[in-house]
Amino acid sequence: MKKTTSPQTQTAGRHLTSVEDLDPVDRSVVRRSALRSRHAQGLSRLMDERTDLRGVNQLADFVDDAIRWTA
């Protein structure tokens with residue numbers, strides 16, 4: 001099984017922790033966070049490739065703008 005680490009453990013000064021070492025609730029939080037990041041990255045990539053989609057969905061525009069402002 002592929003081991004992943006939580007985003008919280010990937011900062012400087014902290015040790016990397018395997019998801020398998022976490023309890024089920026923490027594991028769920030880590031998976032949800034990773035899924036949210038993948039979706040945000042995919043949306044940002046799509047909005048870059050398809051500028052004609054801008055203005056179609058307000059939530060997609062908001063998320064894309066928020067990602068750009070935090071980068």
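Note that the structure is a prediction, hence the values are computed from the model and not measured.

S.K.: I'd love a proper account of helix 2 (residues 58–70), names of residues and values included.
M.R.: One full turn of an α-helix is made of 3.6 residues, so residues set three or four places apart face in the same direction. Given a rise of 1.5 Å per residue, 13 residues ought to cover 18 Å, and the 18 Å separating the end C-alpha atoms of helix 2 matches this to within 8%. Of the surrounding elements, those touching the buried residues of helix 2 are helix 1 (24–49).

S.K.: Just give me the short version of the confidence of the model for the chain, but keep the residues and values in it.
M.R.: Per-residue confidence for the chain gives a mean pLDDT of 79; residues scoring 70 or more make up 70%. Note on residues 8–15: pLDDT under 50 across the span, and 7 contacts to partners over four residues away in sequence or across chains.

S.K.: I'd like to hear about the packing of helix 1 against helix 2, residue by residue, with values.
M.R.: Running from amino to carboxyl end, helix 1 crosses helix 2 at an angle of 100°, the nearest separation of the two axes being 9 Å. As the angle between them shows, helix 1 and helix 2 are arranged roughly perpendicular. In contact with Ala40, Leu43, Ser44, Met47 and Asp48 of helix 1, helix 2 contributes Ala60, Asp61, Val63, Asp64, Ile67 and Arg68. Across the contact of helix 1 with helix 2, the residue classes tally to 6 nonpolar, 1 polar and 4 charged.

S.K.: I'd like a description of the environment of arginine 50, backed by residues and values.
M.R.: Residue placement: arginine 50 occurs in the loop between helix 1 and helix 2. Taking relative accessible area as the criterion, arginine 50 reaches 39% and is therefore assigned partly exposed. At a separation of 3.0 Å, a polar atom in the side chain of arginine 50 contacts the side chain of aspartate 52.

Cut-offs and rules
Residues numbered from 1 in each chain as written. Predicted model: local features only at pLDDT ≥ 70, side-chain atom pairs only at ≥ 80, totals over all residues. Heavy atoms only, no water. Helix = DSSP H or I, 4+ residues; strand = E, 2+ residues; numbered from the N terminus. Expected span 1.5 Å × (residues − 1). Contact = heavy atoms within 4.5 Å. pLDDT = per-residue confidence, 0-100. Axes fitted to C-alpha atoms, helices over the stretch in contact; angles between N-to-C directions. Parallel < 35°, antiparallel > 145°, perpendicular 65-115°, else oblique. Nonpolar A, V, L, I, M, F, W, Y, C, P; charged D, E, K, R; others polar. Buried < 20%, exposed > 50% of the residue type's maximum accessible area, 1.4 Å probe, protein only. Polar contact = N/O pair within 3.5 Å; in protein donor to acceptor, adjacent residues only side chain to side chain.

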